[in-house]
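Chain and residue survey
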Amino acid sequence: MAKYEALIEWEALPTDDVAGGKYGRGHRWTFDEGVTVAASSSKHIVPLPWSVEAAVDPEEALVASASSCHMLTFLYIAAKAGYPVRTYRDAAVGTMGKGEDGRLQITRVDLSPEIIWEDAAPDGDTLARLHHEAHDQCFIANSVKFPIEVTG
C-alpha cells in the first residue's frame with residue numbers, strides 16, 4: 001500500500017513563553033514533493049495573536065481533504081459513466097461540536113458542489129448515484145467517523 005508523508009515543523013521564538021501558553025502556533029507543513037504550506041492552530045481554538053489567521057489550520061485541512069477526495073473520485077466516476085465535468089466548485093463546510101464521548105471533534109462535513117458539465121447533465125437520480133459512488137470510494141470518507149453529506 002502507499003505511504004503518505006508530511007514534515008511538520010515548529011520552533012519557539014526567543015520571546016515566546018511556551019510554559020505560560022504565550023507562543024505562536026504558526027508552523028510549516030512540507031509534503032513529499034517539496035510543497036510547503038503555512039499552518040497554524042485555528043483562531044477559533046487559540047485566539048489571535050497566538051494563531052496565524054492567514055495560515056491553514058488542521059480543521060480546515062481536514063474539510064478540504066474530504067472535499068478534494070470526494071471531488072477527485074466523483075470526476076473519475078462521472079467521466080466513466082459518460083458525464084464528463086468541465087468545472088467543479090465546492091464550498092465545503094465542516095462543523096465542530098462535541099461527539100458522543102463529550103470531546104470536541106469535527107462532527108460533520110457538508111459538501112455543496114456546483115458542477116458544469118461538458119455535455120448534458122445527468123438527471124437527479126443519476127447525479128445522486130454518482131455522488132453516492134464517489135462517497136463510497138473516497139479514501140478520506142472511508143477513514144473518518146463523521147458524516148460527509150452532499151447537500152448541493
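What you see is a predicted model; the values in this text were computed from it and never measured.

Describing the sheet that holds strand S5 (residues 93-98)
Strand order in the open sheet formed by 3 strands is S5-S6-S8, with mixed pairing between adjacent strands. On the outer flanks of this sheet lie S5 and strand S8 (148-150), each paired with one strand and no other. On average, each strand axis in the sheet is tilted by 25° relative to the strand beside it, whichever way the strands run. Here 6 bridges tie S5 to strand S6 (residues 104-111), and the two strands are oriented antiparallel to one another. Residue pairing across strands places Thr 95 opposite Arg 108, the latter belonging to S6. Along the sheet, helix H1 (residues 58-80) contacts S5, S6 and S8; its crossing angle with S6, the most-contacted strand, is approximately 35°.

Digging into the environment of Met 96
Of note, Met 96 is situated in strand S5. Look at Met 96 and you get partly exposed, because its relative accessible area is 36%. As for Met 96 and Gly 26, which are separated by 70 residues in sequence, their C-alpha atoms are 21 Å apart. Those residues in contact with Met 96, other than ones at most four positions away along the chain, are Ile 45, Glu 59, Leu 104, Gln 105, Ile 106 and Thr 107.

Criteria and cut-off values
Residues numbered from 1 in each chain as written. Predicted model: local features only at pLDDT ≥ 70, side-chain atom pairs only at ≥ 80, totals over all residues. Heavy atoms only, no water. Pairing = 2+ DSSP bridges. Helix = DSSP H or I, 4+ residues; strand = E, 2+ residues; numbered from the N terminus. Axes fitted to C-alpha atoms, helices over the stretch in contact; angles between N-to-C directions. Contact = heavy atoms within 4.5 Å. Buried < 20%, exposed > 50% of the residue type's maximum accessible area, 1.4 Å probe, protein only.

By themselves, these observations are geometric and do not establish any function.
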